[in-house]
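These are the residues of each chain, in order.
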Amino acid sequence: MKRFFLSAALSAAALLLATVLFAQQSSTAGFFSLPDSGREVFNFNTGWRFLQGDAAGAEAPSFDDSGWELVNLPHTVALIGAEGSGCRNYQGPAWYRKHVTLGPEFDGRRLFLHFEAIMGRSEIFVDGRSVGKHTGGYLPVVLDLQEAGIPVGRSVVIAVRADNSDDGSYPPGKPEDVLDFTYHGGIYRDCWLIATGDTYITDPNLVDKQAGGGVFVHSEEVSEGRAVVVVEADVQNDLPKARSITVQTRLTLDGAVVKEAVTRVNLPAGASRKVSQRLEVKQPALWTPQTPRLYGVESRLLAGKTVIDGLETRTGIRSIEFRGKDGFWLNGKPYEGKLMGVNRHQDFAYIGNAMPNNLTWRDAVLLRNAGCTIIRSAHYPQDPSFMDACDALGMFIIVATPGWQFWNEDPAFAEHVYDDIRQMVRRDRNHPSVLMWEPILNETHYPADFAERTYNTVHTEYPYPGCFCAADAGSQGVAGLYDVLYGMPPGAFRPGGAAAMSRRPQMEIPQSTFTREWGDYVDNWEHHNSLSRASRSWGEGAMLIQAMHYANQHNSIDYDMLSGMPAQHVGGCLWHSFDHQRGYHPDPFWGGIMDAFRQPKYSYYMFVSQQAAAFRSTSPLVTSGPMVYIAHEFGPFSGPDVTVFTNCDAVRLTMYGRDTLYQEVNRKDYAMPSAPVVFKDAYSFHDLRRINRDGTLTVTAEGLIGGKVVATYTTKPSARSYEVRLRVDDAGLPFTANGSDIVTVIASITDKQGEVRDLAKEVIVFEVEGEGEIVGDERIQANPRQVEFGTAPVLIRATGKPGKITVRARVQFGGELAPTPAELSFESLPSTDRFLADEVRTQRVQAPLLPYYWDTNQKSIEDHKAELEQVKRDQEYFGEFNR
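Residues numbered from 1 in each chain as written. Predicted model: local features only at pLDDT ≥ 70, side-chain atom pairs only at ≥ 80, totals over all residues. Heavy atoms only, no water.

Q: Is there a simple way to explain the overall build of the chain in this structure?
A: Secondary structure summary: the chain contains 11 helices and 46 strands in total. Its C-alpha radius of gyration of 27 Å places the chain within 12% of the 29 Å reference for a compact globule of 883 residues. Taken along the three principal axes of its C-alpha coordinates, the chain extends 90 × 65 × 60 Å. Within the chain, the proportion of its 883 residues that are buried is 63%. The long-range fraction of contacts in the chain, counting pairs at least 24 apart against all pairs at least 6 apart in sequence, stands at 74%. Accessible surface, the chain: about 31800 Å² in total, of which carbon and sulfur atoms supply 50%. The average position of the 86 basic charges and that of the 108 acidic charges among the side chains of the chain differ by 5 Å. (Helix = DSSP H or I, 4+ residues; strand = E, 2+ residues; numbered from the N terminus. Rg over C-alpha atoms; globule rule 2.2 N^0.38 Å. Buried < 20%, exposed > 50% of the residue type's maximum accessible area, 1.4 Å probe, protein only. Contact = heavy atoms within 4.5 Å. Areas by Shrake-Rupley, 256 points an atom, 1.4 Å probe, with all protein chains shown as cover. Lys, Arg positive; Asp, Glu negative; His and termini not counted. Charge placed at Lys NZ, Arg CZ, Asp CG, Glu CD.)

Q: Where do I start with the packing of helix 5 (residues 411–428) against helix 6 (residues 450–461) in this structure?
A: Geometrically, a packed helix pair is captured by the angle between its two axes and the distance between the axes. Orientation of helix 5 relative to helix 6, taken along the N-to-C sense of each, is 30 degrees, at an axis distance of 9 Å. Relative to helix 6, the element helix 5 is oriented roughly parallel. Note on packing geometry: the crossing formed by helix 5 with helix 6 is right-handed. Contacts between helix 5 and helix 6 pair Glu 415, Val 417, Tyr 418, Ile 421, Arg 422, Val 425 and Arg 426 from the former with Phe 450, Arg 453, Thr 454, Thr 457, Val 458 and Glu 461 from the latter. Each residue belonging to the contact of helix 5 with helix 6 can be placed in one class, and the counts come to 6 nonpolar, 2 polar and 5 charged. (Axes fitted to C-alpha atoms, helices over the stretch in contact; angles between N-to-C directions. Parallel < 35°, antiparallel > 145°, perpendicular 65-115°, else oblique. Left-handed = near helix turned anticlockwise from the far one by under 90°. Nonpolar A, V, L, I, M, F, W, Y, C, P; charged D, E, K, R; others polar.)

Q: What's the story with the pairing of strand 30 (residues 569–574) in this structure? I'm lost.
A: If a strand is regular, its side chains alternate between the two faces of the sheet. Buried residues dominate strand 30, accounting for 6 of its 6 residues. With 4 bridges connecting them, strand 23 (residues 339–344) and strand 30 associate as parallel partners. Considered in strand 30, the bridge of Leu 339 is made with Gly 571. Here strand 29 (residues 512–518) pairs with strand 30 via 3 bridges, running parallel. (Pairing = 2+ DSSP bridges.)

Q: What is the right way to read the sheet that holds strand 2 (residues 40–43) from this model?
A: Within a sheet, adjacent strands bond to each other through the backbone by hydrogen bonds, running parallel or antiparallel. Taken together, 4 strands build an open sheet; the order of strands is 2-11-6-9 and the sheet is antiparallel. Strands at the two margins of the open sheet, each flanked by one partner only, are strand 2 and strand 9 (141–144). Taken over all neighbouring pairs, the strand axes of this sheet differ in orientation by 20 degrees on average, direction set aside.

Q: Even after reading the chapter, I still don't get helix 3 (residues 357–369), so can you show me in this structure?
A: Three- or four-residue spacings in an α-helix give side chains the same orientation, since the helix completes a turn every 3.6 residues. For helix 3, which comprises 13 residues, the first-to-last C-alpha distance of 18 Å matches the rise-based estimate of 18 Å (1.5 Å per residue) to within 8%. Along helix 3, 13 of the 13 residues are buried, which leaves the element largely enclosed by surrounding structure. Gly 371, located one to two residues past helix 3, shows a positive phi value of around 90 degrees. (Expected span 1.5 Å × (residues − 1).)

Q: Looking at this structure, how should I read the packing of aromatic side chains?
A: How two aromatic rings sit relative to each other is set out by the distance from centre to centre and by the angle between their planes. In the structure shown here, the tally under the stated rule is 39 aromatic pairs. Seen in terms of ring centroids, Tyr 138 and Tyr 380 are 4.3 Å apart; in terms of plane orientation they differ by 10 degrees. Their pairing is stacked. Within this pair, whereas Tyr 138 is found in the loop between strand 8 (129–136) and strand 9, its partner Tyr 380 is found in the loop between strand 24 (374–377) and helix 4 (384–393), the two being separated by 242 residues in sequence. Considered together, Tyr 138 and Tyr 380 belong to a single accessibility category, that of buried residues. Judged by centre distance (3.8 Å) and plane angle (15 degrees), the rings of Tyr 605 and Tyr 629 are stacked. On the criterion of sequence distance, the pair formed by Tyr 605 in helix 9 (residues 602–608) and Tyr 629 in strand 31 (residues 628–631) is long-range, its members being 24 residues apart. The exposure class assigned to Tyr 629 is buried, which follows from its relative accessible area of 9%. Here the guanidinium or amino end of Arg 39 rests over the ring plane of Phe 31, the centre of that ring lying 5.0 Å away. In this arrangement the basic side chain of Arg 429 is found over the ring face of Phe 216, its NZ or CZ atom lying 4.4 Å from the centre. (Phe/Tyr/Trp six-rings, centres within 6.5 Å; stacked < 30°, edge-to-face > 60°. Lys NZ or Arg CZ within 6 Å of the ring centre and 35° of its normal.)

Q: What's the story with the packing of helix 3 against helix 4 in this structure? I'm lost.
A: Close contact between helix 3 and helix 4 brings their axes to 9 Å; oriented N to C, the two are set at 35 degrees. The two elements helix 3 and helix 4 cross, and the hand of that crossing is right-handed. From helix 3, Asn 357, Thr 360, Trp 361, Asp 363, Ala 364, Val 365 and Arg 368 reach across to helix 4, where they touch Ser 385, Phe 386, Asp 388, Ala 389, Ala 392 and Leu 393.

Q: Teacher, can you tell me more about the pairing of strand 33 (residues 650–655) here?
A: The buried count for strand 33 comes to 5 of 6 residues, which makes it a mostly enclosed element. Sheet topology places strand 33 next to strand 36 (residues 699–705); 6 bridges connect them, and they run antiparallel. When the bridges of strand 36 are listed, Arg 652 appears paired with Glu 702.

Q: Sorry, what's going on with the pattern of salt bridges here?
A: Close approach of charged atoms allows side chains of opposite charge to pair. Within this structure, the stated rule accounts for 49 salt bridges. Residue Glu 508 is joined to Lys 325 by a salt bridge in which the shortest nitrogen-to-oxygen separation is 3.6 Å. Taken as a pair, Glu 508 in the loop between strand 28 (484–486) and strand 29 and Lys 325 in the loop between strand 20 (320–322) and strand 21 (328–330) lie far apart in primary sequence, 183 residues in all. Taken together, the shared-partner salt bridges in this structure form one network comprising Glu 220, Glu 221, Arg 226, Arg 278, Glu 280 and Lys 282. (Salt bridge = Lys/Arg side-chain N within 4 Å of Asp/Glu carboxyl O.)

Q: Before we go on, may I ask you to explain the sheet that holds strand 15 (residues 243–253) in this structure?
A: Taken in spatial order, the 4 strands of this open sheet run 16-15-18-19, and their pairing is antiparallel. Taken across any chain shown, the strands that pair with only one partner, and hence form the sheet edges, are strand 16 (256–267) and strand 19 (306–315). For this sheet the average axis-to-axis angle between neighbouring strands, irrespective of direction, equals 15 degrees. Bridge count for strand 18 (residues 295–303) against strand 19 is 9 bridges, and the pairing is antiparallel. Along strand 19, the bridge assignment pairs Arg 300 with Gly 310.

Q: Would you mind going over unusual backbone geometry with me for this structure?
A: As a rule of thumb, non-glycine residues mostly have phi less than zero, and peptide bonds are mostly trans rather than cis. Residue Pro 74 follows Leu 73 across a cis peptide bond; omega there is -5 degrees. Among the structural elements, Pro 74 can be located in the loop between strand 4 (69–71) and strand 5 (93–101). For the bond from Ala 378 to His 379, the omega torsion is -20 degrees, close enough to zero to count as cis. Structurally, His 379 can be placed in the loop between strand 24 and helix 4. Its identity as a non-glycine residue notwithstanding, Glu 221 has a phi of 55 degrees, on the positive side. Summarising the element assignment, Glu 221 is placed in the loop between strand 13 (215–220) and strand 14 (226–237). Positive phi values are uncommon outside glycine, yet His 528 reaches one of about 65 degrees. Mapped onto the elements of the fold, His 528 is located in the loop between strand 29 and helix 7 (540–551).

Q: Please explain the environment of Gln 290 as it appears in this structure.
A: Looking at the element boundaries, Gln 290 is found in the loop between strand 17 (272–282) and strand 18. A residue is classified by how much of its surface remains accessible, and Gln 290, at 31% relative accessible area, is partly exposed. It is 8.3 Å that separates the C-alpha atoms of Gln 290 and Ser 619, two residues lying 329 residues apart in sequence. In this structure Gln 290 touches Tyr 335, Phe 615, Arg 616, Ser 617 and Thr 618, once residues within four positions along its chain are discounted.

Q: Explain helix 6 here, please?
A: The first and last C-alpha atoms of helix 6 sit 17 Å apart over 12 residues, in line with the 16 Å expected at 1.5 Å per residue. The elements touched by buried residues of helix 6 are strand 13, helix 5 and strand 26 (434–438).

Q: Would you take a moment to explain a nonpolar patch on the surface for this structure?
A: Residues Tyr 521, Leu 531 and Ile 545 make up a contiguous nonpolar surface patch of about 260 Å² in total accessible area. Examined against the element boundaries, Leu 531 turns out to sit in the loop between strand 29 and helix 7. (Patch = residues over 30% accessible without salt bridge, like charges linked within 9 Å, V, L, I, M, F, W, Y side chains within 5 Å.)

Q: Could you clarify how one ought to interpret the confidence of the model for the chain in this entry?
A: The pLDDT averaged across the chain works out to 92; a share of 92% of its residues lies at or above 70. Counting contacts from residues 845–856, a segment whose pLDDT is below 50, to residues more than four positions away or on other chains yields 35 contacts. (pLDDT = per-residue confidence, 0-100.)

Q: Would you take a moment to explain the side chain of His 580 for this structure?
A: Position of His 580 relative to the elements: it lies in the loop between strand 30 and helix 9. Residue classification places His 580 among the buried residues on the basis of a relative accessible area of 2%. His 580 has contacts with Ser 85, Asp 180, His 345, Asp 347, Trp 575, Pro 588 and Phe 589, leaving out every residue within four places of it along the chain.

Listed below in structure tokens is the structure:
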């Protein structure tokens, strides 16, 4: 088996499960629960009846849903194949119905239902009564259930009708067949039920309060010696009489109380009040990408000595500034290097957008360990758990409002955008990872006043220092207003860059600049052939071309060119992190540094090698230290040059235990931290064939710093296929028995020594036993699964019961000399969540929900080509400033 060795410090990451569990916590409905606070939070994900399609009267409590599938959230309306682009996903109505009985302990409690997101147009019913409607797909849907009068002691039906059909009345608005991503449907994020007393802290996404609602935390006067943390809490009294309470705020670090503030408040009947408190912190632990230290802000309401409500907000103390030509400053100092990262769509193989929190966290861990220090959300707000992960791991994020190349002249559309911006800021304002807001609809032509209104909306909702808006430099009304511009300062391009760059506008830009998308390099916007788009299944040649294109080939903007920009240009985000589905093209976007299952390509390791060998993080989930990786398979079709990615100073390559080659990392001719090391003509299959008769085939790359070996990578050519091997690919994160968590198990075809046989063409059949179930079956080519580049992944979902899970894998067609089967067992951990549902899902195999069909209304290629002309024009216009 190929081994990726880092330093000893790296291997210490995630040794203590308790540390990892704390580091990987996700918020619930925008906050973290406090024990004995008077506020109760219930996981509402389990026990939903589901129907793909419409059903008259399905909101009624007496409706017979016994024939519907029983599912857990997050849920997608239809599983699709890993190659599911080109509008192959289901679009249309779907129904969810949950039967739940509230016990006597709920009598007299205030109840709030919090959906983190529902895709498209939705309506929610309680026992047949409509209690709320929503349009959108990427922001919370929060309902006060007080008026619904939910009875205690009998079963209640919560019904949701969701429709992800194309709808231009709200953003993003663009029809999916001309869209660069996919409207996967359903209640695809978590759902929570919150119970409070009659006096409580409000939800910022429910109450319509400018720069208010809930808890709002920001820092002022930040330095290494001191900082002031300002905490504003919006408190509501629903009693028919006035009430005197105490608002207590404790600032904690690593569980210890750092500072406390107490304020007495008199609340009139039915009234609310914003309580502001200032907490001075001496020698604060400042938040940075290297030290993502998080403070807990514990907010409690007390009546006398009794705690009647409470919640925790997590924040980081830091200051951010963009100083024009002086670039980005963090905590009063110029930021060293560039902010480099990727864009991210919330798209995963088979399940689309319906990623549980553990998979979302895994994305963040993988990207941070690739050396990413910034993520651009594409093209909508990300899952709350991803925001939590960015805080804890030390990755900045650009938060974008939903939108992509679409404008509706109806004034209601613009008002919807403004409301999305308000809800986006209210949801994410406390995250220290938020670097910039992107309120402009991506690559969209809009009216003259739109830029100013979106800018003002953000700053009205966040009226404190540290709030910055970003947009394309060439967009109408942006250049003289926005804080950061997407584009390049004049003269920033290195000599020898692509000739096409001479067409780019050379406008004077006083602001700091950033590249929102780089790396893509298509032949045209219809065919989409590109050096950057390499499916992992195409093997080492395609993946190496992609990796080198992203590194320093100067075909278009690449890592090296961005690294050499002046301080004014603060960084850039690759398009894109992972392979993902798209509406307007039959091929998925294959330009990710990992595939749709998050299996790495060579470009992933190129990114890893750009993180300094001396880097260390305070997060136990972030790996660090010296690394070296050989991007070569030493097979019959491998090229003569051997490429090595490393963050060391030099590489010593030993071929077959005989020939030793040495080369230093070229930091003289390249601006990127660590240019790839290429050993020219180091490999020949003919030499391998000769040595194979009587010698060792081991190839070793050693990374050297100061002449000492600090990292080693060893591989060898794979021999004949011998066996199947299984491993859990979880990035070191816990797998919880909550009915939602999903883990990827990778089956590899290997030789007898464990080397992956990348040329294998087997088909793998999976089986599971115990407290897990396989996601998908043969209808979406999930099980059995074709081996690609030596591996075949399977997704395993946890049940609601902790325990042992055994996965078995065999080749589909066995025989005397076929690879032998494999078996792997692992455990799911107990969940600490409290669940509410009358029905518990017990089945072990979930059938895909997408039926076989052929669209008889399929568009002709010529008709679709005409529709894509506007996409082409928008891509080329806005790309002038970024690609």
